[in-house]
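The primary structure of each chain is shown beneath.
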Amino acid sequence: MSTKHRETSALPPFCPSCDAEGSVWKAADRAVKQVLRGETFTVHGQVMECAHCGYHMLTDAQADRVVRLTADAYRLKHG
């Protein structure tokens, strides 16, 4: 089983926002706000988006990447 298949298979087979069913998830790049040590950072990362309503979720791998990008932004700001 490929990594991509494992990641997308962890998503629900429906959208929790609009209840669309089937293959509703597509990869999209989005700005994601994260709070780290009381500060808000906006980083750009890949999310899985509902093709019907635009609701988005992150796979575990996508969430890990967003956390790393947020930590990088914090380190850059604070030297």
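My aim in this report is to walk through the structure given alongside it, one point at a time. (Residues numbered from 1 in each chain as written. Predicted model: local features only at pLDDT ≥ 70, side-chain atom pairs only at ≥ 80, totals over all residues. Heavy atoms only, no water.)

## Examining the pairing of strand 2 (residues 39–50)
Under the convention used in this document: Two strands qualify as a pair provided DSSP detects at least 2 bridges between them. Numbering of helices and strands runs from the N terminus; a helix is a DSSP stretch of H or I covering at least four residues, while a strand is a stretch of E covering at least two.
The pairing of strand 1 (residues 25–36) with strand 2 spans 12 bridges and is antiparallel. In the sheet register, alanine 28 faces strand 2, and the bridge partner there is valine 47. Between strand 1 and strand 2, which pair antiparallel one after the other, the connecting turn spans 2 residues, and arginine 37 there sits at a positive phi close to 50 degrees. Where strand 2 and strand 3 (residues 56–57) come together, 2 bridges link them in antiparallel fashion. Looking at strand 3, one finds that methionine 48 is bridged to methionine 57.

## Let's talk about the pattern of salt bridges
Heads up, the condition is: A side-chain nitrogen of Lys or Arg and a carboxyl oxygen of Asp or Glu constitute a salt bridge if their distance falls within 4 Å. Three exposure classes are used, based on accessible area relative to the maximum for each residue type with a 1.4 Å probe and protein chains only: buried under 20%, partly exposed in between, and exposed over 50%.
All chains considered together, the criterion is met by 4 salt bridges. Salt-bridge contacts for lysine 26 lead to glutamate 49; the nearest nitrogen and oxygen are separated by 3.8 Å. Residue lysine 26 is located in strand 1, and its partner glutamate 49 is located in strand 2; the two are separated by 23 residues in the primary sequence. Look at lysine 26 and you get partly exposed, because its relative accessible area is 41%. Glutamate 49 sits in the buried class, given a relative accessible area of 8%. In this structure, glutamate 39 engages lysine 77 in a salt bridge whose closest nitrogen and oxygen atoms are separated by 2.6 Å. With a gap of 38 residues between them, glutamate 39 in strand 2 and lysine 77 in helix 2 (residues 60–78) connect regions that are remote in the sequence. Residue class for glutamate 39 comes out buried when judged on its relative accessible area of 18%.

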